[in-house]
Amino acid sequence: QVQLVESGGGLVQAGGSLRLSCVASGRTFGLYVMGWFRQAPGKEREFVSGISSSGDNTYYLDSVKGRFTISRNNGKNTMYLQMNSLKPEDTAIYYCATTKLAFGSPDRPAMFAYWGQGAQVTVSS
């Protein structure tokens, strides 16, 4: 059974930084694409970033390019999202996710099938 647990959310002022972590268990972490989604109140969930199984390829939503960095440590079964220069519009619940099938491209949100419980990120102006 795949389990994903996020941590690292919180409250930060605009311009600040946060790092989210996601620890995965239940299967061989290094075979699967991982990603981050977010959902703000009253809005649809959006795909923020994805990373290939090896970590060599990444995808970013245009609005976070240059501010967010996704990474993973396959030896620790952990994925990260470093968020810098945060803006109030980044406020949302951030979800860790992974695909059902091994390997694949990190820019296909429809392929994600397993989700964490979410971590709240609040950016004050």
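Everything numeric here is computed off the predicted structure, so don't read it as measured data. (Residues numbered from 1 in each chain as written. Predicted model: local features only at pLDDT ≥ 70, side-chain atom pairs only at ≥ 80, totals over all residues. Heavy atoms only, no water.)

Trainee: I would appreciate a short explanation of the overall build of the chain in the present structure.
Mentor: Of regular secondary structure, the chain possesses zero helices and 11 strands. Taken over the C-alpha trace, the chain has a radius of gyration of 13 Å; the compact-globule value for 125 residues is 14 Å, and the two agree within 12%. A burial count over the chain gives 43% of its 125 residues as buried. Relative to all contacts within the chain whose residues are 6 or more apart in sequence, the contacts with residues 24 or more apart total 59%. (Helix = DSSP H or I, 4+ residues; strand = E, 2+ residues; numbered from the N terminus. Rg over C-alpha atoms; globule rule 2.2 N^0.38 Å. Buried < 20%, exposed > 50% of the residue type's maximum accessible area, 1.4 Å probe, protein only. Contact = heavy atoms within 4.5 Å.)

Trainee: What exactly am I supposed to notice about the packing of aromatic side chains here?
Mentor: Given two aromatic rings, one states the distance between the centres and the angle between the planes to describe the pair. Per the counting criterion, the structure on display carries five aromatic pairs. Judged by centre distance (5.0 Å) and plane angle (5 degrees), the rings of phenylalanine 47 and tyrosine 59 are stacked. One end of the pair, phenylalanine 47, is in strand E5 (residues 46-51); the other, tyrosine 59, is in strand E6 (residues 58-60), and 12 residues separate them in sequence. You can call phenylalanine 47 buried: its relative accessible area is 8%. When its relative accessible area of 26% is taken as the criterion, tyrosine 59 is described as partly exposed. In textbook terms, an aromatic cluster arises when at least three aromatic residues are bridged by ring pairs, as seen for Phe37, Phe47, Tyr59, Phe112 and Trp115. A cation sits over an aromatic face here: arginine 45 above phenylalanine 37, 5.6 Å from the ring centre. (Phe/Tyr/Trp six-rings, centres within 6.5 Å; stacked < 30°, edge-to-face > 60°. Lys NZ or Arg CZ within 6 Å of the ring centre and 35° of its normal.)

Trainee: Honestly, the environment of serine 124 in this entry has me stumped. Any pointers?
Mentor: Relative to the assigned elements, serine 124 resides in strand E11 (residues 119-124). On the accessibility criterion, serine 124 (26% relative accessible area) is partly exposed. Separated by 21 residues in the primary sequence, serine 124 and phenylalanine 103 place their C-alpha atoms 37 Å from one another.

Trainee: Honestly, the state of the cysteines in this entry has me stumped. Any pointers?
Mentor: Each disulfide consists of one covalent bond between the sulfur atoms belonging to two cysteines. One pass over the structure, following the stated rule, counts one disulfide. Covalent S-S linkage joins cysteine 22 and cysteine 96, the inter-sulfur distance amounting to 1.9 Å. Across the S-S bond linking cysteine 22 and cysteine 96, the dihedral sits near -60 degrees, which makes this disulfide left-handed. With cysteine 22 in strand E3 (residues 18-25) and cysteine 96 in strand E9 (residues 92-99), this pair connects stretches of sequence that are 74 residues apart. With respect to burial, cysteine 22 and cysteine 96 carry one shared label: buried. (Disulfide = S-S within 2.5 Å.)

Trainee: Help me out: how do you make sense of the pattern of salt bridges in this one?
Mentor: What the rule picks out here adds up to four salt bridges. Residues aspartate 90 and arginine 38 are paired through a salt bridge, measuring 3.0 Å at the closest nitrogen-oxygen approach. Residue aspartate 90 is located in the loop between strand E8 (78-83) and E9, and its partner arginine 38 is located in strand E4 (residues 34-39); the two are separated by 52 residues in the primary sequence. Residues aspartate 90 and arginine 38 agree in their burial class; the two are buried. Residue aspartate 62 is joined to lysine 65 by a salt bridge in which the shortest nitrogen-to-oxygen separation is 3.0 Å. For lysine 65, a relative accessible area of 48% puts it in the partly exposed group. (Salt bridge = Lys/Arg side-chain N within 4 Å of Asp/Glu carboxyl O.)

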